Amino acid sequence: MLSLDFLDDVRRMNKRQLYYQVLNFGMIVSSALMIWKGLMVITGSESPIVVVLSGSMEPAFHRGDLLFLTNRVEDPIRVGEIVVFRIEGREIPIVHRVLKIHEKQNGHIKFLTKGDNNAVDDRGLYKQGQHWLEKKDVVGRARGFVPYIGIVTILMNDYPKFKVRALLLVWTINCVFILPFPYIEFKL
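Residues numbered from 1 in each chain as written. Predicted model: local features only at pLDDT ≥ 70, side-chain atom pairs only at ≥ 80, totals over all residues. Heavy atoms only, no water.

As named in an unreviewed UniProt entry, the protein chain is Signal peptidase complex catalytic subunit SEC11, taken from Macaca nemestrina. According to the UniProt record, the Catalytic activity (unreviewed entry) comment for the protein chain reads "Cleavage of hydrophobic, N-terminal signal or leader sequences from secreted and periplasmic proteins." According to the UniProt record, the Subunit (unreviewed entry) comment for the protein chain is "Component of the signal peptidase complex." (UniProt positions renumbered as here; feature names shortened; annotations may be inferred.)

Peer 1: Hey, could you run me through helix α2 (residues 15-43) in this one?
Peer 2: Residues lying three or four places apart along an α-helix face the same way, a consequence of the helix completing one turn every 3.6 residues. Given a rise of 1.5 Å per residue, 29 residues ought to cover 42 Å, and the 42 Å separating the end C-alpha atoms of α2 matches this to within 8%. For α2, the complete set of buried residues consists of Q17, Q21 and T43. Two residues or fewer after α2 comes G44, characterised by a positive phi angle close to 75°. (Helix = DSSP H or I, 4+ residues; strand = E, 2+ residues; numbered from the N terminus. Expected span 1.5 Å × (residues − 1). Buried < 20%, exposed > 50% of the residue type's maximum accessible area, 1.4 Å probe, protein only.)

Peer 1: Explanation requested: the pairing of strand β4 (residues 94-103) in the structure shown.
Peer 2: Working note: regular strand, side chains alternate between the two faces of the sheet. Inspection of the sheet shows strand β3 (residues 82-85) paired to β4 by four bridges, in the antiparallel sense. The residue bridging F85 from the neighbouring strand is I94, located in β4. Examined bridge by bridge, β4 and strand β5 (residues 109-114) share six bridges and lie antiparallel to one another. Counterpart to H102 in the pairing with β5 is K110. From the end of β4 to the start of β5, which pair antiparallel, there are five residues, and G107 there has a positive phi angle of about 95°. (Pairing = 2+ DSSP bridges.)

Peer 1: Quick question: what am I supposed to make of the packing of aromatic side chains here?
Peer 2: Given two aromatic rings, one states the distance between the centres and the angle between the planes to describe the pair. Taken as a whole and judged by the stated rule, the model has two aromatic pairs. Geometrically, the ring pair formed by F61 and F145 is edge-to-face, given 5.1 Å between the ring centres and 80° between the ring planes. Here F61, found in the loop between β1 (49-51) and β2 (66-70), pairs with F145, found in strand β7 (residues 138-146); they are 84 residues apart in sequence, far enough to count as distant. Residue class for F61 comes out buried when judged on its relative accessible area of 6%. The exposure class assigned to F145 is partly exposed, which follows from its relative accessible area of 40%. An angle of 80° between the planes, with centres 6.2 Å apart, marks the rings of F85 and Y126 as edge-to-face. Residue F85 is found in strand β3, and its partner Y126 is found in the loop between β5 and β6 (133-134); the two are separated by 41 residues along the sequence. Taking relative accessible area as the criterion, F85 reaches 0% and is therefore assigned buried. Above the plane of the ring of W132 lies R123, whose end atom (NZ or CZ) is 5.2 Å from the centre. (Phe/Tyr/Trp six-rings, centres within 6.5 Å; stacked < 30°, edge-to-face > 60°. Lys NZ or Arg CZ within 6 Å of the ring centre and 35° of its normal.)

Peer 1: When you look at the pattern of salt bridges in this model, what are you seeing that I'm missing?
Peer 2: This structure, assessed with the given rule, holds seven salt bridges. When the shortest N-O distance is used, the salt bridge between R86 and E46 registers 3.0 Å. Residue R86 is located in the loop between β3 and β4, and its partner E46 is located in the loop between α2 and β1; the two are separated by 40 residues in the primary sequence. Looking at R86, the relative accessible area reads 28%, which means it is partly exposed. Residue classification places E46 among the partly exposed residues on the basis of a relative accessible area of 47%. For R97, the salt bridge goes to D116, with nearest N and O atoms at 2.7 Å. Linking R97 in strand β4 with D116 in the loop between β5 and β6, this pair joins segments that are 19 residues apart in sequence. (Salt bridge = Lys/Arg side-chain N within 4 Å of Asp/Glu carboxyl O.)

So, in structure tokens, the structure goes:
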């Protein structure tokens, strides 16, 4: 069983050390948010990084691959391009390849997608009555990837006990290695 001796260290901290730790944590969280918002602005995508959650795009992408997305308005969508799209009524985006493009005379484009490892196109995934996707459905287009690095995200979602244990491990490491040394004072 996990020893809770580190709680004694937390209790022994003075107010200044506790404020320091809270401020440090706040800076880490705000830095992560600023980086995420900066990536959103640079890439033009509401979600510049996504994890492939299924095997529908194998062999191009495997479950757990981390994709980097862009979504520039001026770039036209092309057949063969890998897009990440969101369907109304579903909160998890889908990563699939553009199979067909349907362009109207007024320049309005609709397109059909399909997973590389799927036998049929995605019309069965779209909301009822929808046969094509539009530009507004696209979250981004894949521009690069890192293989299997997102498997931690999948493990945390598929196995909630893993998530709790991972968070407890990070918290314990923080309390054991960082809390005892919150700052170093130098006296001249």
